[in-house]
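Close look at the chain arrangement
Take a look at the letters that make up each chain.
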Amino acid sequence: MSIRLKKPHNVETDQKVTLKRRKVKLEQKIEIFEEFMKTGEKLVGNTIFKGYPIGQWAIQIRNSLNRMNNGKDDKVKISLTKEKLEKLESMGILERQIDSTIDEKIDSLVEWRRKYPKIKITPIATDEELREYARTDEEFVQIQEEYEKMQRYYDYVRIRKHQGKLNEEQMKRLKEGKIGGVFGYPTRIEELAKRYGILEKDIDYLLTKFGTLDNFYEMHNTGKIEDKKDRTLEEKIIRNVVDMDDNSNMGYDNLYRDILAMKKTTPDVDFYSSKGLQEELETLSKREKYVIESIYGLTEGTTPTTLENVGRELGMTGGGVSPIKNKAFRKLRHPARVRKYRITFESECLTDEERQSIEKLKKDIQLQNGNLYENLGKLKEIKERLDKEKD
């Protein structure tokens with residue numbers, strides 16, 4: 001169901017209304033107010049009666065009186081006698097009729113998102129999403145009514161934004177309050193989306209579902225992420241293979257995974273040396289080395305390609321290339337070779353402090369927390385100490 005802004009209130013629903021813009025004296029306005037009051041209709045900010053914008057009149061009169069009472073000049077000069085003032089007060093014209101100010105609407109929207117974080121104001125939420133917070137049918141109806149009110153507030157505030165009538169502080173509250181839509185996402189979400197190279201809405205989804213990315217990581221580390229969408233994001237966000245030599249060519253990451261038959265969602269993290277892997281590639285036959293480098297795009301200036309493309313270059317079919325690749329993999333999977341490029345931190349020489357430090361560094365590297373080079377540097381320092389202990 002789409003929620004639209006209310007059309008201007010008009011008690012003359014059976015005929016087209018043309019707004020009368022000519023100047024009207026206060027005495028005449030009071031007479032028109034009195035005539036309107038006889039209809040029993042509620043006077044609100046957008047009420048039009050007999051072609052007159054009487055809702056706007058009421059707002060202007062209230063604003064002028066407030067400015068005059070505060071000793072400020074006002075563009076609209078009004079001359080009030082005691083009798084006129086009494087008439088306006090008796091009709092309730094001097095009382096604010098709108099349900100909330102723009103700031104109160106913003107506060108209500110922010111509070112709604114805090115109270116119901118899984119219910120987005122835009123795009124429109126489904127009944128199933130609303131029901132998640134309702135224990136009874138009565139509560140569901142109440143949440144529905146509140147939600148429709150929030151959508152009206154959102155539409156109103158959105159229009160004010162397009163009109164350029166929101167100040168910087170109001171825009172910040174809407175953005176950081178996760179109102180969404182035209183107001184964007186909080187700065188923290190924007191930063192995380194940029195860091196991981198994924199959409200802001202995906203970061204917002206993860207934070208809404210898991211609370212923090214640390215919680216998401218813990219679910220990954222225990223192998224408990226099962227939802228299809230979550231697993232897709234798991235592959236994009238959490239690194240489970242890290243090159244200690246920090247080679248920018250991701251082909252080595254993919255080759256390492258395939259050699260050890262690792263999935264991208266495998267819990268924990270494996271560290272390896274791309275330089276060590278390159279050295280092992282040099283021990284293969286020229287044809288085996290060429291096939292592996294071509295498939296994974298390991299040569300500078302090249303991109304990964306298919307078995308079929310490699311086969312055409314070698315004058316054979318893709319099926320003919322596959323055995324060459326498999327033979328190369330059998331060689332690279334030999335335990336003696338793996339030990340030369342796979343890096344582990346399993347040692348009795350590790351202190352308790354170092355063990356804790358390694359676990360923290362692993363997590364920071366997997367979630368890209370902090371500076372990658374600094375984190376890798378700290379791990380290398382521990383590895384160098386372990387290597388000296390072996391010697």
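Everything below is about the structure shown above.
Owing to the predicted nature of the structure, the values given are computational and were not obtained by experimental measurement. (Residues numbered from 1 in each chain as written. Predicted model: local features only at pLDDT ≥ 70, side-chain atom pairs only at ≥ 80, totals over all residues. Heavy atoms only, no water.)

1. Topic: the sheet that holds strand β1 (residues 241–243)
Taken in spatial order, the three strands make up an open sheet running β1-β2-β3, and their pairing is mixed. A strand with exactly one partner marks an edge of an open sheet, and here the two such strands are β1 and β3 (342–343). Sheet analysis places strand β2 (residues 270–272) next to β3, joined by two bridges and oriented antiparallel. Across the sheet, residue Phe271 finds its bridge partner in β3, namely Ile343. (Pairing = 2+ DSSP bridges. Helix = DSSP H or I, 4+ residues; strand = E, 2+ residues; numbered from the N terminus.)

2. Digging into the nonpolar core
Grouped together as the largest cluster of nonpolar side chains are 23 residues, with contacts concentrated most on Leu255, Leu281 and Ile292. Every element with two or more residues in this core is listed here: α12 (251–259), α13 (274–281), α14 (286–296), α16 (318–332) and α17 (335–341). Residue contributions to this core peak at five residues, all from α16. What Ile292 contacts, discounting residues up to four positions off in sequence, is Leu255, Leu281, Leu298, Lys325, Ala328 and Phe329. Ile102, Ala134, Met150 and Val157 belong to the second largest nonpolar core, which has 21 residues in total. (Core = buried A, V, L, I, M, F, W, Y, C linked by side-chain atoms within 4.5 Å. Buried < 20%, exposed > 50% of the residue type's maximum accessible area, 1.4 Å probe, protein only. Contact = heavy atoms within 4.5 Å.)

3. Overview of the pattern of salt bridges
Summed over all chains, the structure comprises 26 salt bridges. A salt bridge links Glu35 to Lys50; the nearest nitrogen and oxygen atoms lie 2.2 Å apart. Of the two residues, Glu35 is situated in helix α1 (residues 26–37) and Lys50 in the loop between α1 and α2 (54–69); the sequence distance between them amounts to 15 residues. Three or more residues are tied together by salt bridges with common partners; here these are Asp103, Asp107, Glu169 and Arg173. (Salt bridge = Lys/Arg side-chain N within 4 Å of Asp/Glu carboxyl O.)

4. So, the packing of aromatic side chains
Counting across every chain of the model gives eleven aromatic pairs. Ring plane angle 15 degrees and centroid distance 4.6 Å describe the contact between Tyr256 and Tyr272, whose orientation is recorded as stacked. In this pair, Tyr256 is assigned in helix α12 and Tyr272 in strand β2, connecting sequence segments 16 residues apart. Among the aromatic residues, those joined into a cluster by ring pairs are Trp112, Tyr116, Tyr133 and Tyr147. In this structure, Lys105 is placed above the aromatic ring of Tyr153, and the distance from its NZ or CZ to the ring centre is 5.1 Å. Sitting over the face of the ring of Phe329, Lys325 holds its NZ or CZ atom 5.4 Å from the ring centroid. (Phe/Tyr/Trp six-rings, centres within 6.5 Å; stacked < 30°, edge-to-face > 60°. Lys NZ or Arg CZ within 6 Å of the ring centre and 35° of its normal.)

5. Focus on the environment of Ile32
Residue position: Ile32 is located in helix α1. Taking the C-alpha atoms as reference, Ile32 lies 26 Å from Thr101; in sequence the two are 69 residues apart.

6. Brief notes about the side chain of Asn375
Tracing the sequence through the fold places Asn375 in helix α19 (residues 372–390). Given a relative accessible area of 7%, Asn375 falls into the buried group. If sequence neighbours within four positions are ignored, Asn375 has contacts with Leu361, Asp364, Ile365, Asn369 and Gly370.

7. Observations concerning α2
With 16 residues, α2 ought to run about 22 Å at 1.5 Å a step, and its terminal C-alpha atoms sit 22 Å apart, in line with that. Those residues of α2 not exposed but buried are Ile54, Gly55, Trp57, Ala58, Ile61, Arg62, Ser64 and Leu65. Along its buried surface, α2 packs onto α1 and α3 (82–90). (Expected span 1.5 Å × (residues − 1).)

8. What to know about the packing of helix α9 (residues 200–210) against helix α11 (residues 228–237)
Orientation of α9 relative to α11, taken along the N-to-C sense of each, is 115 degrees, at an axis distance of 12 Å. Where α9 crosses over α11, the handedness of that crossing is left-handed. In this structure, α9 contributes Asp202, Ile203, Tyr205, Leu206, Lys209 and Phe210 to the contact, and α11 contributes Lys229, Asp230, Leu233 and Ile237. Here the contact of α9 with α11 is built from residues that sort into six nonpolar, no polar and four charged. (Axes fitted to C-alpha atoms, helices over the stretch in contact; angles between N-to-C directions. Left-handed = near helix turned anticlockwise from the far one by under 90°. Nonpolar A, V, L, I, M, F, W, Y, C, P; charged D, E, K, R; others polar.)

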